[in-house]
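Structure assessment
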Amino acid sequence: MLIEIPNVLTAEQVAEARRMLDQAEWVDGRVTSGYQAASVKRNLQVAEGSKAAIALGEMVLTGLARSPLFMSAALPLRVFPPMFNSYSGGQTFGTHVDTAIRQVATTGQRIRTDLSATLFLTPPEDYDGGELVVEDAYGSHSVKLPVGHMVLYPATSLHHVTPVTRGARVSSFFWIQSMIRHDAQRTMLFDLDTAIQRIAGEQTEAVKTSAVQLTGVYHNLLREWAEM
Ligand SMILES: O=C(O)CCC(=O)C(=O)O
Ligand SMILES: [Fe+2]
């Protein structure tokens, strides 16, 4: 499932993030990639574990924690400390799959990458190209979102970023280990939760009784499938 999570950051937070990123130390994006991804990765990123990355990463994590949609769609167990990248002057990231297991540089903690995320920090009208293209069984999905919005997609997908031919595209990118490893199970839980939320305000007895029963099914499936 590919899903858009709106308003992870406010416009003011994005402006603050962009100010800090302008001052940050940028390095070649290939330093954190595996061999295959490095061979097609042409971008810059803020040094992992740098002051700016840590402070802005906290801002992103706080934004995620405020989003019921993110919680319901990702069912997060661990979130990799958010990183920040930039593409300009034709830079691109060719087709790749993200590394399955990543280690957090500061703590050594391992995270299985079930979900990948890109949070957009540049207004779409300020650059050409830079679409994130995610492939799945239903075809290719091209994503370019307003600032503060984020896309969440299965880390199992092949994906690429098209060349940025005007301006610069700055984003945050990171991974999530979900309590639910399999995308199909996670998607069913999300659909069920969404349906339950939709009828939550209904007052008829029949709907209230069904809502209780469906909520039971949701939690019992979560109990069945969750890994922690
Ligand atoms: O820049 C993006 O939107 C995606 C970056 C990416 O795919 C990666 O770093 O693995
Ligand atoms: Fe990737």
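For clarity, every value in this text was computed on a predicted model and none was experimentally measured. (Residues numbered from 1 in each chain as written. Chains lettered and ligands numbered in written order. Predicted model: local features only at pLDDT ≥ 70, side-chain atom pairs only at ≥ 80, totals over all residues. Heavy atoms only, no water.)

**So, helix α6 (residues 205-225)**
Its 21 residues place the ends of α6 30 Å apart at the C-alpha level, agreeing with the 30 Å of an ideal helix rising 1.5 Å per residue. Listed as buried for α6 are Ala211, Tyr218 and Leu222. Along the axis of α6, the buried residues cluster in a sector spanning 30°; they form a single face. Away from its buried face by more than 90 degrees, α6 exposes Glu205, Ala206, Val212, Gln213, Arg223 and Glu224. Of the surrounding secondary structure, the elements contacted by the buried residues of α6 are α5 (183-199). (Helix = DSSP H or I, 4+ residues; strand = E, 2+ residues; numbered from the N terminus. Expected span 1.5 Å × (residues − 1). Buried < 20%, exposed > 50% of the residue type's maximum accessible area, 1.4 Å probe, protein only. Arc of directions from axis to C-beta. Contact = heavy atoms within 4.5 Å.)

**With respect to the sheet that holds strand β3 (residues 41-42)**
A sheet is described by the order of its strands in space; here 5 strands give the open sequence β3-β7-β15-β12-β13, paired in antiparallel fashion. This sheet does not close on itself; its edge strands, each paired only once, are β3 and β13 (139-143). (Pairing = 2+ DSSP bridges.)

**Remarks on the packing of aromatic side chains**
Taken as a whole, this structure holds 2 aromatic pairs when the rule is applied. Where Phe173 meets Trp175, the ring centres are 5.7 Å apart and the plane angle is 85°; that geometry is what we call edge-to-face. Just as Phe173 is buried, Trp175 falls in that class too. Across from the ring centre of Phe80, 5.6 Å away, lies the NZ or CZ of Arg102, which sits over that ring. Of note, Lys144 hangs over the ring of Tyr127, and the distance from its end group to the ring centre comes to 4.4 Å. (Phe/Tyr/Trp six-rings, centres within 6.5 Å; stacked < 30°, edge-to-face > 60°. Lys NZ or Arg CZ within 6 Å of the ring centre and 35° of its normal.)

**Examining the layout of surface pockets**
Its boundaries defined by the atoms lining it, the largest pocket holds a volume of some 260 Å³. Mapped by element, the contributors of at least two residues to the lining of the largest pocket are α3 (51-65) and β6 (83-88). For the lining of the largest pocket, a count of residues per class yields 12 nonpolar, 3 polar and 2 charged. (1 Å grid on protein atoms, 1.4 Å probe; cavity = no way out; pocket = protein on both sides within 12 Å on 5 of 7 lines; lining within 4 Å. Points joined across faces, edges and corners; volume = space filled by probe spheres on them. Nonpolar A, V, L, I, M, F, W, Y, C, P; charged D, E, K, R; others polar.)

**Let's talk about the coordination of the iron ion (ligand 2)**
At the metal site, the iron ion (ligand 2) is ligated by His96 (NE2), Asp98 (OD) and His159 (NE2), and these contacts range over 2.1 Å. Taken in sequence order, the residues that donate to the iron ion (ligand 2) follow the motif H-x1-D-x60-H. Here the two residues His96 and Asp98 agree in accessibility, since each one is buried. (Donors = N, O, S within 2.8 Å, 3.2 Å for Na, K, Ca; no water.)

**Things to note about the environment of Gln103**
Mapped onto the elements of the fold, Gln103 is located in strand β8 (residues 101-103). Sequence separation of Gln103 and Phe80 is 23 residues, and the distance between their C-alpha atoms is 8.5 Å. Ignoring sequence-local partners within four residues, the contact set of Gln103 consists of Phe80, Gly108, Gln109 and Arg110. Of note is the side chain of Gln103, whose polar atom sits 3.0 Å from the backbone oxygen of Gly108. (Polar contact = N/O pair within 3.5 Å; in protein donor to acceptor, adjacent residues only side chain to side chain.)

**A word on the site of ligand 1**
Around ligand 1, the surrounding shell consists of Asn85, Tyr87, Phe93, His96, Asp98, Thr118, Leu132, His159, Val161, Arg169, Phe173 and Trp175. A distance of 2.9 Å is found between an oxygen atom of ligand 1 and a side-chain nitrogen or oxygen belonging to Asp98. At 3.0 Å, a side-chain N or O of His159 approaches an oxygen atom of ligand 1. In isolation ligand 1 has 300 Å² of accessible area, and contact with the protein removes 96% of it. With respect to the detected pockets, ligand 1 is housed in the largest cavity. Top contributing element to the shell around ligand 1 by residue count: strand β17 (residues 168-178), with 3 residues. (Near = heavy atom within 4 Å. Areas by Shrake-Rupley, 256 points an atom, 1.4 Å probe, with all protein chains shown as cover. Sits in = over half its atoms within 2 Å of the grid points.)

**Considerations on the domain arrangement of the protein**
Interface size is commonly expressed as the accessible surface area that is lost when the partners come together. One can read the domain layout of the protein as domain 1 (3-178) and domain 2 (183-225). Taking the mean C-alpha position of each, domain 1 and domain 2 sit 31 Å from one another. Taken together, the two surfaces of domain 1 and domain 2 that pack against each other cover about 630 Å², and 64% of this comes from carbon and sulfur. At the junction of domain 1 with domain 2, the criterion picks out 0 salt bridges. Our count for the contact surface shared by domain 1 and domain 2 stands at 2 residue pairs in polar contact (both at pLDDT 80 or more). (Domains from an automatic or database assignment. Buried area = accessible area lost by both parts, 1.4 Å probe. Salt bridge = Lys/Arg side-chain N within 4 Å of Asp/Glu carboxyl O.)

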